Every structure is written in C-alpha cells, then in structure tokens.
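# An overview of the molecular structure
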Amino acid sequence: MSRLTYEAHGVYAPPVPARELIAHSADGARLHVEVHGPEGAPAVVLAHGWTCSTAFWAAQIRDLSADHKVIAYDQRGHGRSPASEACSTEALADDLEAVLAATLAPGEKAVLAGHSMGGMTLMAASARPRFQEHAAAALLCSTGSTRLVEEARVLPWRAGRLRTRLTGAVLGSRAPLGPVTPVARWILKYATMGPGSSPVMVEACARIVHACPRAVRHAWSAVLATLDLEAGVRELKVPTAVIAGSVDRLTPVVHARALVAALPNCVGSTELPGLGHMTPVEAPELVTARIRELVATYAAETAEIAGTAEIKEGA
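Parameters at a glance
Residue numbers restart at each chain and count upward from 1, following the sequence in its written direction. In keeping with the predicted nature of the model, local features appear solely for residues at pLDDT of at least 70, side-chain atom pairs appear and are counted solely at 80 or more, and the whole-chain, interface and lining totals rest on all residues. Heavy atoms throughout the structure, all of them, feed into the side-chain values; hydrogens and water do not. Helix and strand definitions follow DSSP, with helices as H or I runs of at least four residues and strands as E runs of at least two, each counted in order from the N terminus. Burial classification: accessible surface area is computed with a 1.4 Å probe over protein chains only, and a residue below 20% of its type maximum counts as buried, one above 50% as exposed, and the rest as partly exposed. Every case where a carboxyl oxygen of Asp or Glu lies within 4 Å of a side-chain nitrogen of Lys or Arg is listed as a salt bridge. A fitted line through C-alpha atoms represents every axis, and for helices the fit uses only the stretch in contact; the resulting angles, taken between N-to-C directions, go from 0 to 180 degrees. Each angle gets one of four labels, with under 35 degrees taken as roughly parallel, over 145 as roughly antiparallel, 65 to 115 as roughly perpendicular, and the rest as oblique. By definition, residues are in contact when any of their heavy atoms lie within 4.5 Å. Asp, Glu, Lys and Arg are counted as charged, while Ala, Val, Leu, Ile, Met, Phe, Trp, Tyr, Cys and Pro are counted as nonpolar; the rest, among them Gly, fall into the polar class. Directions pointing from the helix axis toward each C-beta atom define the arc. Should DSSP find at least two bridges between two strands, the strands are regarded as paired. When the strands point away from the viewer and the connection leading from the first strand across the helix to the second strand turns clockwise, the crossover is called right-handed. For this analysis, a polar contact is any N or O atom pair within 3.5 Å, provided that within protein one partner can donate a hydrogen and the other can accept it, and provided that sequence-adjacent residues contribute only side-chain to side-chain pairs. Here the nonpolar core consists of buried residues drawn from Ala, Val, Leu, Ile, Met, Phe, Trp, Tyr and Cys, with membership extended through side-chain atoms lying within 4.5 Å. Note on aromatic pairs: the rings of Phe, Tyr and Trp (six-membered ring only in Trp) are paired at centre separations within 6.5 Å, and the planes decide the class, stacked below 30 degrees, edge-to-face beyond 60, tilted for the rest.

## Observations concerning unusual backbone geometry
If you check the backbone angles, Ser116 has positive phi at about 55° while not being a glycine. Relative to the helices and strands, Ser116 is located in the loop between β5 (110–115) and α3 (117–125). For Ser116, a relative accessible area of 8% gives the class buried. The phi dihedral of Ser142 falls on the positive side, at around 50°, and the residue is not glycine. As for its position among the elements, Ser142 is in the loop between β6 (135–141) and α5 (148–151). The class for Ser142 is buried, based on a relative accessible area of 1%.

What follows is the structure, given as structure tokens:
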C-alpha cells in the first residue's frame, strides 16, 4: 500500500473528505474511496492514473466540491488501496463498477473523468451495465487506448523497435524511485510535464509518484505495455471530451487524436500547447472548467430529477 508521506500546500494540498469508505471489487479487492462536497449535488467521479492517487486530483476536488458531490478513489495498489495480484483492464473496470455502486444511488448520473490509466479505466468499463447506468458524460485526460510503449517519447530517439524495447524497460523498471531529490524532480518533469511547469507543480507530482510502491508500479506497467482498449473506445457512447498536452511524452497527442476519431460521441477536443502528461496538475483551472461544462450540459438536470425523487420519497 502506498503511503502519502508528503505535505503539500495551497491548491495541491489534498482536501479533507466529507466521508471515506471502502468499496469491495468483484475479486474482493478493497478500494479506498473519498466523497467530497454536498450530497444531492451533481456528481463527479475522478479516476487517477498509473503511480498516482486521489491526491493527484486535489485542485479539482478543492474547486468542484463547493457545489458538486466529488468521488475520488485510489486504484488498487495505489494510495490507500491495498495491492492485489490481479492487475488487468478487467480489474480496472471491476473496481470502477464497485466505486459507482458504493457511492451513487440507483440511476444517479455522474460525469466521470479519468487521467491516463484512469481514462483507460473508463474505456475498459464502457460496456459494463453499471457504467452505462451512471455515466452522464466522460472526460479523458492525457490517455490512450493502445500502442502506449510504441508511441511514447520519453527516450529522444527515432521511433522503431529499439526505442520501443528500451522504453518498455524504462517504464517497467523494478528499480526503486528513492527520495525526491533535485535530480528526481528533473527526471519526472522531463518525462511527464511541460517545460513551463512550476516547481510547486513538479514537487506535487513527484511526491505522489514516488509514494507508489515499486512492485505496484512494475505490475501495472506490464498491463499498459500490452494495452488494447480500442473496442472499449467504440463502446464509450456517452458524450466524451478529450484533453491532451502538446508535449506529452508518455501519451503523445497522436493518442488523443485517435480517440477523437474513434469515439462515437466526442463533444470536444483540447490540445494544450506546451503542456505534458500531467494535465490536471499543469492546467488545473482548465480541466476543472471542462468538468463543470460537462456537468452543466449533461448531468445537472439528472441531479435535479434525482433530488426531487428523494424529496418525494421522504415526504
């Protein structure tokens, strides 16, 4: 289990949830879940990426929880969710379904936002009954559906089998990341963030990533290396927006463009100049604004209907 051992300040300090709970996945895996904001408000569900945790969404949670019910959870093995031997896209989908079941009332709709592996979670779950019951709209941030290692540009060489092999070795390394040092911050910024990222942004991301156990990091890297969720993209039929950083080395914009072309109901694509892979941290206001737009357009009305039904039941 990861340990959140850092202290962040300001917008990147993880907010205190209104309540916490454990969701139990199909195989018994235990998932740490946080609920922020008022019950009965329009719901937002946040799924973080590889090597991250709920702390990654701190800026979005802080803003949205003023007038939304914000649900964030730690993917298995990340944050405060214990590790599991089962690491697969099926497990990601199972886990999301478990979180939705534990936090949303029957028929209650939410906007689901996923970053990196969190976006892949939405693709993996797109055909699941509980996803289709609860998803009003989706936001895919800095993610892709297939060929992740082949397209990655963390090594500055020409595309080909040698770069793919070495990239896979780097991303799948079992080596510990160690303490967050100036060198570690430089490496993380180069690999995952845009050149204009502030020291505060880099520090926040470095502390989160370095808190992920190396065994968990390695196990999930193997899943990402063979990822194929193109069928899941075609099943993602709810209104879906896409956000990508123009200098993302982990999931270059070719992935975002492929998603836009394949999604059945794409409602917008944003490529952010000079930004890298960590878009919710690098551009917190923009990502939050996009979530708000999706809620206002596709989920606010369903929240009002659900609230009216609750009042009638309680009368």
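## Let's talk about the pattern of salt bridges
Tallied over the entire structure, the rule returns 18 salt bridges. Salt-bridge contacts for Glu97 lead to Arg128; the nearest nitrogen and oxygen are separated by 2.9 Å. In this pair, Glu97 sits in helix α2 (residues 89–103) while Arg128 sits in the loop between α3 and α4 (129–134), placing the two residues 31 residues apart along the sequence. In terms of burial, Glu97 and Arg128 fall into one category: buried.

## Quick notes on the packing of helix α7 (residues 182–192) against helix α8 (residues 199–210)
Put simply, α7 and α8 touch, their axes get as near as 10 Å, and they point 95° apart. As far as their axial angle goes, α8 and α7 are roughly perpendicular. Here Ala184, Arg185, Leu188 and Lys189 of α7 come into contact with α8, specifically with Val202, Glu203, Cys205, Ala206, Val209 and His210. By residue class, the composition of the contact of α7 with α8 is 6 nonpolar, 1 polar and 3 charged.

## So, α7
Here α7 has its buried residues at Ala184, Leu188, Ala191 and Thr192. Seen end-on, α7 carries its buried residues on one side only, within an arc spanning 75°. Exposed side chains of α7 directed beyond 90 degrees from the buried face belong to Pro182, Val183 and Trp186. Residues of α7 that are buried sit in contact with α8 and α12 (279–282).

## Considerations on the pairing of strand β4 (residues 69–73)
Counting buried residues along β4, 5 of its 5 residues qualify, which places the element largely inside the surrounding structure. On β4, burial covers both faces: Lys69, Ile71 and Tyr73 on one face and Val70 and Ala72 on the other are all buried. Strand direction decides the pairing type here: strand β2 (residues 30–36) and β4, joined by 4 bridges, are antiparallel. Each bridged residue has a counterpart across the sheet, and for His36 the counterpart in β4 is Val70. With 5 bridges joining them, strand β3 (residues 43–47) and β4 adopt parallel strand pairing. Each residue of the ladder has a partner; that of Val44, found in β4, is Val70. Following the backbone out of β3, through helix α1 (residues 58–64) and into the adjacent parallel β4, one traces a crossover that is right-handed.

## A short note on the side chain of Thr143
Note on placement: Thr143 falls in the loop between β6 and α5. In this structure the side chain of Thr143 is engaged in a polar contact, spanning 2.8 Å, whose partner is the backbone oxygen of Ser116. Residues contacting Thr143, with those up to four places away along its chain left out, are Ser116, Gly119, Met120, Met123, Thr251, His255, Ala256 and Leu259.

## Regarding the nonpolar core
With 52 residues, the main nonpolar core has Leu96, Leu112, Leu122 and Phe131 as its most contacted residues. Discounting residues that sit within four places of it in the chain, Leu122 has contacts with Ala47, Leu96, Leu112, Ala113, Gly114, Phe131, Ala138, Leu139, Leu140 and Leu236. Leu64, Ala72, Ala241 and Leu272 belong to the second largest nonpolar core, which has 23 residues in total.

## Some details on the packing of aromatic side chains
Counting across every chain of the model gives 2 aromatic pairs. Consider the rings of Phe56 and Trp57, whose centres lie 6.0 Å apart with planes at 85°: the pair is edge-to-face. Taken as a pair, Phe56 and Trp57 share a single burial class, namely buried. Here the aromatic rings of Trp186 and Tyr190 are separated by 5.8 Å at their centres, their planes lie at 10°, and the arrangement is stacked. Of this pair, Trp186 and Tyr190 both sit in helix α7, separated by 4 residues, roughly a single helical turn.

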